[in-house]
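Letter by letter, the chains look like this.
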Amino acid sequence: VIVDAVLSLEQGGDHDGYGLFVRQSTADRYAAFIASPTGAASILLLDDAPLQVAGGEMPESFPFNRGLGARNRFSIVACGPMLVAFVNGVALTAANVDDRYAEGFAGALLVPGESGGERSAALDWVQVRAALP
C-alpha cells in the first residue's frame, strides 16, 4: 500500500509528533512514521509499547517545513516486509517489519510528546492506493 497525505501540526509542542500509520491489525499494533515540528523523525512499531526502528533529526538541508502550522507531504510505501518513509517527495528512511505487521488499516495520527497541553493536527488531503508490481 502507498499512503500519501499533506499534514501539519497546528497546535502542540516541540516533542509532539504527527504522521501516518499503516498495517494496524489491532488497536495497539501498527507501524507509524511520525515527525516533530522541529524535524525529529521516526519509524515506530507499536505492539502495546512503541519501538523505534529508525529515526533521528532531519538535516537542515532536507526539504521539511518546520514549525507549527507548516504543511508537509508525508508518504509511506509498505511493500512486503519493507516500509519506506518519504517527506515532500524525498525518501527519508526505511525499516523492515516482521509478520505481525503484514496487513491492516492505515491513516493519520497525532502522538503527544509530553503530558498536558493542547494539541491538534490538520490533514489537508490523503490518498491510499495499492502498490502494484
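Before reading on, note that the structure itself is shown above.
No experiment lies behind these values; they were computed from the predicted model shown. (Residues numbered from 1 in each chain as written. Predicted model: local features only at pLDDT ≥ 70, side-chain atom pairs only at ≥ 80, totals over all residues. Heavy atoms only, no water.)

**Brief notes about the packing of aromatic side chains**
Definition in use: Under the pairing criterion, centres of Phe, Tyr and Trp rings, with the six-membered ring standing for Trp, must be within 6.5 Å; the plane angle then separates stacked pairs below 30 degrees from edge-to-face pairs above 60, leaving the rest tilted. Going along the chain from the N terminus, every DSSP run of H or I of four or more residues is numbered as a helix, and every run of E of two or more is numbered as a strand. Relative accessibility decides the category of a residue: with a 1.4 Å probe and only protein chains considered, values under 20% of the type maximum give buried, values over 50% give exposed, and everything between is partly exposed.
Scanning the entire structure with this criterion turns up 3 aromatic pairs. For the pair tyrosine 18 and phenylalanine 74, a centre-to-centre distance of 5.2 Å together with 25° between the ring planes defines the contact as stacked. Taken together, the positions of tyrosine 18 in strand S2 (residues 17-26) and phenylalanine 74 in strand S6 (residues 72-79) put the pair 56 residues apart, joining distant regions of the chain. When its relative accessible area of 1% is taken as the criterion, tyrosine 18 is described as buried. We classify phenylalanine 74 as buried; its relative accessible area is 0%. Three or more aromatic residues joined by ring pairs form one cluster here, namely Tyr18, Phe33 and Phe74.

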